Amino acid sequence: IPTDITDAQQIQAAISEILKSENRIDLLINNAGMGMVGAVEDSTKEDILKLFNLNLVGAVQMMSAVLPQMRSQKAGQIINISSIGSEMGLPFRGFYSASKSALDKVTEAIRYEISPWNIEACTLHLGDIKTKIAENRVKTKVSEPYKMIFEKVYSLMDAHVDAGTEPKEVAVYVEQ
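For the structure given in this document, a descriptive report is provided here. (Residues numbered from 1 in each chain as written. Predicted model: local features only at pLDDT ≥ 70, side-chain atom pairs only at ≥ 80, totals over all residues. Heavy atoms only, no water.)

**Points about the pattern of salt bridges**
- One pass over the structure, following the stated rule, counts three salt bridges.
- Two residues, E17 and K20, come together in a salt bridge whose shortest N-O distance is 3.4 Å. Taken as a pair, E17 and K20 lie in helix α1 (residues 8-21) at a separation of three residues, close to a single helical turn.
- What makes K20 exposed here is its relative accessible area of 66%. (Salt bridge = Lys/Arg side-chain N within 4 Å of Asp/Glu carboxyl O. Helix = DSSP H or I, 4+ residues; strand = E, 2+ residues; numbered from the N terminus. Buried < 20%, exposed > 50% of the residue type's maximum accessible area, 1.4 Å probe, protein only.)

**Quick word on the packing of aromatic side chains**
- One pass over the full model with this rule turns up three aromatic pairs.
- Ring geometry for F92 against F150: centres 5.3 Å apart, planes inclined by 75°, an arrangement best described as edge-to-face. Of this pair, F92 sits in the loop between β3 (76-81) and α3 (94-114) while F150 sits in helix α5 (residues 147-162); the two residues are 58 residues apart in sequence, bridging distant segments of the chain.
- Classification of F150 by relative accessible area gives buried; the value is 0%.
- Considering the side-chain rings of F150 and Y154, the 5.3 Å spacing of their centres and the 25° angle between planes classify their relative orientation as stacked. Separated by four residues within a single helix, F150 and Y154 lie in helix α5, roughly one turn from each other. Neither F150 nor Y154 differs from the other in exposure class; each is buried. (Phe/Tyr/Trp six-rings, centres within 6.5 Å; stacked < 30°, edge-to-face > 60°.)

**Observations regarding the nonpolar core**
- Membership of the largest hydrophobic core comes to 22 residues, with the highest contact counts inside it found for L28, L67, M70, I78 and I114.
- Those elements that provide at least two residues to this core are α1, α2 (45-73), α3 and β4 (119-124).
- For this core, the leading source of residues is α2, giving nine residues.
- In contact with I114, not counting residues within four places along its chain, are L67, I78, I119, E120 and A121.
- Core analysis: the second largest hydrophobic core is formed by eight residues, A39, F92, F150 and M157 among them. (Core = buried A, V, L, I, M, F, W, Y, C linked by side-chain atoms within 4.5 Å. Contact = heavy atoms within 4.5 Å.)

**Observations regarding the sheet that holds β4**
- With parallel pairing, three strands are arranged side by side in an open sheet as β1-β3-β4. The sheet terminates laterally at β1 (27-30) and β4, the two strands that pair on one side only. Averaged over neighbouring strand pairs, the angle between their axes works out to 10° when direction is ignored.
- Pairing of β3 with β4 involves six bridges; the strand directions are parallel. Among the inter-strand pairings, G76 is bridged to a residue of β4, identified as I119.
- On top of the sheet, α2 reaches β1, β3 and β4; it is set at about 175° to β1, its chief contact. (Pairing = 2+ DSSP bridges. Axes fitted to C-alpha atoms, helices over the stretch in contact; angles between N-to-C directions.)

Listed below in structure tokens is the structure:
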């Protein structure tokens, strides 16, 4: 069910649609996300908020939408797709790293909150995955002091994604 996870009404409609044919929600995999590249200094408030709205707020809204059902069935699993970038401030991806780090901390907190209902939550810290994330990432204007080093780092970012792990391999790992 295609759903914009930044839109609470679309989320509720999707959950309602699922519950029309299924009487349980056993698993939520929060995989929607976007990247953002550019110098921290050059980033705009609008771009930062757009990134956090999807990578953090959207994931929280999805968890909040499935938790009533999971609590009523006294079971469920939530997997939030994070990044190894959450463990460090990646150069020219500082806000991406920050958004994924925030998701890690929220997941850690909610894991304890939902444990009385036998609901589990975790984050999966992936490296480079061969997806279209590069096509859809926010790219901020890069000012003169950063241009040369940014261009080198940016071409490496794209090369790493192009040579990344196939999504199907990740799916098999998660399924296990």
